[in-house]
Amino acid sequence: IIADKWFEDTKMEIAKQAIEKKGVTSQQVLELMNMMTFESSKMDLAKFAYNYTADKNNYFIVNNGFTFESSIAELNRYTHGSLF
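By convention here, each chain's residues receive numbers from 1 onward along its written sequence. With pLDDT at 70 or above as the cut-off, local features in this predicted model cover only qualifying residues; side-chain atom pairs require 80 or more to be listed or tallied, and sums for whole chains, interfaces and linings still use all residues. Side-chain numbers here rest on the full set of heavy atoms in the structure, without hydrogens or water.

Colleague: What's the story with the overall build of the protein in this structure? I'm lost.
Modeller: Numbering goes from the N terminus for both helices and strands, where a helix is a DSSP run of H or I of at least four residues and a strand is a run of E of at least two. Secondary structure assignment for the protein yields four helices and zero strands. Listing every helix and strand of the protein by position from the N terminus yields α-α-α-α. The quantity called the radius of gyration is restricted to C-alpha atoms. Its globule counterpart is 2.2 Å times the number of residues to the power 0.38. Taken against the 2.2 N^0.38 rule, which gives 12 Å for 84 residues, the C-alpha radius of gyration of the protein at 12 Å falls within 12% of a compact globule. The buried label goes to any residue with under 20% of its type's maximum accessible area, the exposed label to any with over 50%, and the partly exposed label to all in between, with areas taken from a 1.4 Å probe on protein chains only. Looking at the protein as a whole, 40% of its 84 residues are labelled buried.

Colleague: What am I meant to see in the nonpolar core here?
Modeller: Nonpolar side chains in soluble globular proteins tend to end up buried together. Ranked by internal contacts, the top residues of the largest apolar core, which has 18 residues, are Leu45, Tyr59, Val62 and Phe66. When residues of this core are traced back to their parent elements, those giving at least two are helix H1 (8-22), helix H2 (26-33), helix H3 (39-50) and helix H4 (69-80). If sequence neighbours within four positions are ignored, Phe66 has contacts with Met33, Glu39, Lys42, Met43, Ala46, Ser71, Ile72 and Leu75. Only buried residues count toward a nonpolar core, which is a set of Ala, Val, Leu, Ile, Met, Phe, Trp, Tyr and Cys residues joined through side-chain atoms within 4.5 Å. When checking whether two residues touch, look at their non-hydrogen atoms; a contact exists if any pair is within 4.5 Å.

Colleague: Is there a simple way to explain the packing of H1 against H3 in this structure?
Modeller: Between two packed helices, both the angle of their axes relative to each other and the distance between the axes serve to describe the pair. Think of each axis as a best-fit line through the C-alpha atoms, taken over the contacting stretch in the case of a helix, with angles from 0 to 180 degrees between the N-to-C directions. At their nearest, the axes of H1 and H3 sit 11 Å apart, and the two run at 10° to each other. Taken as axis vectors, H1 and H3 run roughly parallel relative to one another. Listed contacts from H3 to Glu8, Met12, Ala15, Lys16, Ile19 and Glu20 of H1 are Ser41, Asp44, Leu45, Phe48 and Ala49. Residues belonging to the contact of H1 with H3 are distributed by class as follows: six nonpolar, one polar and four charged. Convention used here: angles under 35 degrees read as roughly parallel, angles over 145 as roughly antiparallel, angles from 65 to 115 as roughly perpendicular, and any remaining angle as oblique. When residue character is reported, Ala, Val, Leu, Ile, Met, Phe, Trp, Tyr, Cys and Pro are called nonpolar, Asp, Glu, Lys and Arg charged, and the others, Gly included, polar.

Colleague: Would you take a moment to explain the side chain of Thr79 for this structure?
Modeller: By the secondary structure assignment, Thr79 is in helix H4. Side-chain atoms alone can form a polar contact between residues adjacent in sequence; in general such a contact is a pair of N or O atoms within 3.5 Å, and within protein one must be able to donate a hydrogen while the other accepts it. For Thr79, the side chain forms a polar contact with the main-chain oxygen of Asn76, separated by 3.4 Å. Side-chain polar atoms of Thr79 contact the side chain of His80, separated by 2.9 Å. Excluding residues that lie within four positions of it along the chain, Thr79 makes contacts with Tyr50 and Tyr59.

Colleague: Just to check I follow, could you spell out H2 for this structure?
Modeller: Helical geometry: 3.6 residues make up each α-helical turn, so side chains three or four residues apart lie on a common side. Those residues of H2 that sit buried are Ser26, Val29, Leu30, Leu32 and Met33. Along H2, the residues classed as buried sweep out an arc of 165° about the axis, all on the same side. The directions considered for the arc run from the helix axis to the C-beta atoms.

Colleague: Help me out: how do you make sense of the packing of aromatic side chains in this one?
Modeller: Pairs of aromatic rings are described using the distance from one ring centre to the other and the angle between the two planes. Any two of the Phe, Tyr and Trp rings considered here, Trp counted by its six-membered ring, make a pair once their centres fall within 6.5 Å; the pair's planes then place it as stacked at under 30 degrees, edge-to-face at over 60, or tilted in between. Tallying each qualifying case throughout the model produces two aromatic pairs. Plain terms: the ring middles of Tyr50 and Tyr59 are 4.9 Å apart, the flat faces sit at 75° to each other, and that makes the pair edge-to-face. Classification of Tyr50 as buried rests on a relative accessible area of 16%. Looking at Tyr59, the relative accessible area reads 5%, which means it is buried. For a lysine, the NZ atom is tested; for an arginine, the CZ atom; a charge sits over a ring if that atom is within 6 Å of the ring centre and within 35 degrees of the ring normal. Looking at Lys16, its charged tip hangs above the ring of Phe48, at a distance of 5.1 Å from the centre.

Laid out in structure tokens, this is it:
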């Protein structure tokens, strides 16, 4: 359903609704991120999904969805607090 939508905002809304209702795995977060076009949307989704992720110990997988190293660092700071 998400892949069929044209607008990034619509994709994001559907993804967030599904995540809230069902939860996700780290792999599913990555798959959802890959449906987004913009790095900022990917980051927003990755941060949102973290609290609904069943296997947080595998969240490093999500890093593969980013283009920029700075995005990986930002997500790591978000998920690990001040450890980085």
